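Coordinates in review
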Amino acid sequence: MASSNHVTPTNCSWWPISAMDGDGKITDGEESEEPTAEPKPFNKDRLVLYHWTQSFTSQKVRLVINEKGLVCEERDVSLPLQEHKEPWFMRLNLGEEVPVFLHGDIIISDYNQIIDYLEKNFLGDTVTQLIPGADSPLHDRVQQYRQLLDGLPMDAYTHGCILHPELTTDSMIPKYATAEIRRHLANAATELMKLDHEEPQLTEPYLSKQKKLMAKVLDHDNVNYLKKILGELAMVLDQVEAELEKRKLEYQGQKCELWLCGPEFTLADICLGALLHRLKFLGLSKKYWEDGSRPNLQSFFVRVQKRYAFRKVLGDIHTTLLSAVLPNAFRMVKKKPPSFFGASFLMGSLGGMGYFAYWYLKKKYM
């Protein structure tokens, strides 16, 4: 089977779609005892995205898809439930990373290449172009800020701020997450070795993942390293603030909505909006713009959150954690159901907690 890392033309109708049940849920790869429904005919124009809702790169791809107005089936691959380490997903993407995008016979597992593919292959009067053409004076500017913002070490910010909450202010991540992520990272290496024995044909990718995991733990748990990269982040945001100020002067007196590179909303704005959303969630917004030090950045964040695609993909910032936890809890119960009474009680409790949490947050923040 051809590798699907990056772009690989291969007939993929045999695996990704058939790996889902009728409700679009991921199965465990076990044969069902009940008769299966007639499979849907393979559609060469069908778009499918494997992602996780809280994956930063997945969020950017989903924002691009929604800003372009494309119809795409989304398949959630839960990282907390370690579905990205399951053999069925590793056969789809040996790198065990989300997102993975499918279009007909094409499988793409590099998120930047997914975005480039969408921009190149989906054009027309009704489809938004997020990267100006090469002949546009804005093309180079958009690509410049895309590369600058994509180069930021988001994994390190995320893991580092969870492991060292003392460096954040009003983080939306609960305190117990620090101990939980340490436990999760410690168990992950053991789990990888276990799966390595169960699936010997996938030995190389499993061991590769283990080495990468251990390297991340060492780097992201280093408070001095975290302080260093947060200082570098401040310099990048200074550059963005200055660029936004240039747009105000450049289009002064003109009635148009201004974004990072000009009056048109582009991929650079998606990258910046997703970044600010993540920093807000981690408890870094007061440090970088809500203290009044970068007013243009603050204004940008307020405006970008009002866009339909951002509200659909990212939702309200205060319910981000809730939206990540509850679906995983329900799926875990479905995947490994306890007794009837226990399952009914747990499902009812989760539903009740979700309902009251939603109304509490809505009353407090909305």
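Note that the structure is predicted; figures quoted are calculated from it, not measured. (Residues numbered from 1 in each chain as written. Predicted model: local features only at pLDDT ≥ 70, side-chain atom pairs only at ≥ 80, totals over all residues. Heavy atoms only, no water.)

**Some details on the environment of D110**
Within the secondary structure layout, D110 lies in the loop between β5 (106-108) and α3 (111-121). When the C-alpha positions of D110 and P99 are compared, they lie 7.4 Å apart, and in sequence the two are 11 residues distant. Of note is the side chain of D110, whose polar atom sits 3.1 Å from the backbone nitrogen of N112. Within the structure, the side chain of D110 is placed 3.0 Å from the backbone nitrogen of Q113, a separation counted as a polar contact. (Helix = DSSP H or I, 4+ residues; strand = E, 2+ residues; numbered from the N terminus. Polar contact = N/O pair within 3.5 Å; in protein donor to acceptor, adjacent residues only side chain to side chain.)

**Focus on the packing of aromatic side chains**
With the rule as written, the count across this model stands at five aromatic pairs. Centre to centre, the rings of W259 and F300 are 5.6 Å apart; their planes meet at 90 degrees, and the pair counts as edge-to-face. Of this pair, W259 sits in the loop between α8 (223-250) and α9 (267-282) while F300 sits in helix α11 (residues 295-304), and the two are 41 residues apart along the sequence. Taken as a pair, W259 and F300 share a single burial class, namely buried. Three or more aromatic residues joined by ring pairs form one cluster here, namely W259, F265, F300 and F310. The ring of Y288 carries K287 above its face, with NZ or CZ at 5.7 Å from the centroid. (Phe/Tyr/Trp six-rings, centres within 6.5 Å; stacked < 30°, edge-to-face > 60°. Buried < 20%, exposed > 50% of the residue type's maximum accessible area, 1.4 Å probe, protein only. Lys NZ or Arg CZ within 6 Å of the ring centre and 35° of its normal.)

**What to know about the pairing of strand β3 (residues 73-76)**
Of the strand pairs in this sheet, strand β2 (residues 47-51) and β3 are connected by four bridges, and their pairing is parallel. Across the sheet, residue V48 finds its bridge partner in β3, namely E73. What joins β2 to β3 is helix α1 (residues 56-67), and the crossover it makes is right-handed. (Pairing = 2+ DSSP bridges. Right-handed = clockwise from strand over helix to strand, strands pointing away.)

**Overview of the environment of H318**
Within the secondary structure, H318 is located in the loop between α12 (308-313) and α13 (320-335). Taking the C-alpha atoms as reference points, H318 and K280, separated by 38 residues in sequence, lie 9.7 Å from one another.

**Some remarks on the nonpolar core**
By size, the foremost hydrophobic cluster in this structure holds 69 residues, and its most contacted members are F101, L267, L272 and L275. Here this core gets 11 residues from one element, more than from any other, and that element is α9. Grouped together as the second largest cluster of nonpolar side chains are nine residues, V77, L92, V98 and V100 included. (Core = buried A, V, L, I, M, F, W, Y, C linked by side-chain atoms within 4.5 Å.)

**So, the confidence of the model for the protein**
Averaged over all residues, the pLDDT of the protein is 77; the fraction at 70 or higher stands at 63%. The element-level mean pLDDT for the protein is lowest in strand β1 (residues 7-9), coming to 42, with helix α4 (residues 139-150) highest at 98. Across residues 1-5 the pLDDT falls below 50, and counting only partners more than four positions away or on other chains, this stretch makes 12 contacts in the model. Considering only residues more than four positions removed or in separate chains, one finds that residues 338-366, a stretch of pLDDT under 50, has 20 contacts. (pLDDT = per-residue confidence, 0-100. Contact = heavy atoms within 4.5 Å.)

**A few points about unusual backbone geometry**
Among all residues except glycine, the phi angle is most often negative; among peptide bonds, the trans geometry is most common. The omega angle of the peptide bond from V98 to P99 is 5 degrees, so this bond is cis rather than trans. Of note in this structure, D170 is not a glycine but carries a positive phi near 55 degrees.

**Let's talk about the pattern of salt bridges**
Summed over the entire model, instances satisfying the criterion amount to 15 salt bridges. Salt-bridge contacts for E74 lead to R62; the nearest nitrogen and oxygen are separated by 3.2 Å. Of this pair, E74 sits in strand β3 while R62 sits in helix α1, and the two are 12 residues apart along the sequence. Residue class for E74 comes out partly exposed when judged on its relative accessible area of 33%. A residue is classified by how much of its surface remains accessible, and R62, at 9% relative accessible area, is buried. Ionic pairing is found between R294 and D238, a salt bridge with its closest N-O pair at 2.9 Å. Residue R294 is located in the loop between α10 (285-288) and α11, and its partner D238 is located in helix α8; the two are separated by 56 residues in the primary sequence. Using a relative accessible area of 8% as the deciding quantity, one classes R294 as buried. A single network of salt bridges, built from pairs that share partners, joins R141, E243, R247 and E250. (Salt bridge = Lys/Arg side-chain N within 4 Å of Asp/Glu carboxyl O.)

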